[in-house]
Amino acid sequence: MSRRSNRTPNEAEGPGQGEAFEMEQQNNRHLDSLASKVSALHSVSLNIHDDVNDQNRLLDNTSETFNRFGNMFDRTRQTLTHTLATAGSRFMCYLTLILVFGVFSLYYIAVNLLSREPEPPELT
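Note on numbering: residues in each chain are counted from 1, in written sequence order. A pLDDT threshold of at least 70 governs which residues receive local features in this predicted model, and a stricter bar of 80 or more applies before side-chain atom pairs are shown or counted, although totals over entire chains, interfaces and linings include all residues. Side-chain measures here rest on the full set of heavy atoms in the structure, leaving out hydrogens and waters.

**Description of the overall build of the chain**
Move 1: Put simply, DSSP marks the helices as runs of H or I at least four residues long and the strands as runs of E at least two long, and each gets a number from the N terminus on. Counting its regular elements, the chain contains two helices and zero strands.
Move 2: Per-residue accessibility, obtained with a 1.4 Å probe over protein chains only, is compared with the maximum for each type, and a residue is labelled buried under 20%, exposed over 50%, and partly exposed between these values. Taken across its 124 residues, the chain has 3% of its residues classed as buried.
Move 3: Computed with a 1.4 Å probe, the accessible areas rest on the Shrake-Rupley method; for each residue, only the protein chains presented here act as cover. Only carbon and sulfur atoms are counted for the fraction: they give 60% of the accessible area of the chain, which is about 11500 Å².

The structure is reproduced here in structure tokens:
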């Protein structure tokens, strides 16, 4: 920043020049303070910009992952629909039994294994 004058009150010519010099010094201090605040705001805005770019990349990656999952789910659904359309009643019975066994197995695991409280260590 350019300053208008760096004169001292001793160099002042005439009355009132001392007050003008003090006011100019005060203005210079305010300009320095303002410059540091603008610099801090600039730094904050750059950090916000970087954060927004990172979040946009994360959203794009998440969107791509969900699209791949959707495509895989559609292929699985089409295969299952085709299999069910061509399979007989015996296959449907086996499929139903396997699904029921799987649900009960998951229920057993959830109730018995995951709900256990850890045993406290023995104090010797």
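Read on for the rest.
**Looking at the pattern of salt bridges**
Move 1: For this document, the term salt bridge refers to a Lys or Arg side-chain nitrogen within 4 Å of an Asp or Glu carboxyl oxygen. Under the defined criterion, the tally for this structure stands at two salt bridges.
Move 2: Salt-bridge contacts for R57 lead to D54; the nearest nitrogen and oxygen are separated by 2.4 Å. Placement of the pair is R57 and D54 together in helix α1 (residues 17–86), with a separation of three residues, close to one helical turn.
Move 3: One salt bridge in this structure joins R77 and D74, with 4.0 Å as the shortest N-O distance. Of the two residues, R77 and D74 are both situated in helix α1; the distance of three residues between them amounts to about one turn of the helix.
Move 4: R77 sits in the partly exposed class, given a relative accessible area of 43%.

**Details of the packing of aromatic side chains**
Given two aromatic rings, one states the distance between the centres and the angle between the planes to describe the pair.
Move 1: Stacked, edge-to-face and tilted labels apply to pairs of Phe, Tyr and Trp rings (six-membered ring for Trp) whose centres lie within 6.5 Å, assigned for plane angles under 30 degrees, over 60, and everything in between, in that order. This model, assessed by the stated rule, comprises one aromatic pair.
Move 2: With centroids separated by 6.3 Å and ring planes inclined at 25°, the aromatic side chains of F69 and F73 adopt a geometry described as stacked. Taken together, the positions of F69 and F73, both in helix α1 and four residues apart, correspond to about one turn of that helix.

**Let's talk about a nonpolar patch on the surface**
Move 1: Any residue with relative accessible area above 30% and no salt bridge may belong to a patch, with like charges joined within 9 Å and the nonpolar Val, Leu, Ile, Met, Phe, Trp and Tyr side chains within 5 Å. Nonpolar side chains collect at one region of the surface, where L106, Y108, I109, L113 and L114 lie side by side and expose about 550 Å² of accessible area between them.
Move 2: If you trace the backbone, L113 turns up in helix α2 (residues 89–113).
Move 3: Residue L113 is classed as partly exposed on the basis of its relative accessible area, which comes to 45%.

**Examining α1**
Move 1: In a helix, the anticipated span is given by 1.5 Å times the number of residues less one. Its 70 residues give α1 an end-to-end C-alpha distance of 102 Å, which sits within 8% of 104 Å, the value for a rise of 1.5 Å per residue.
Move 2: Along α1, the positions that sit buried rather than exposed are F21, E24 and N28.

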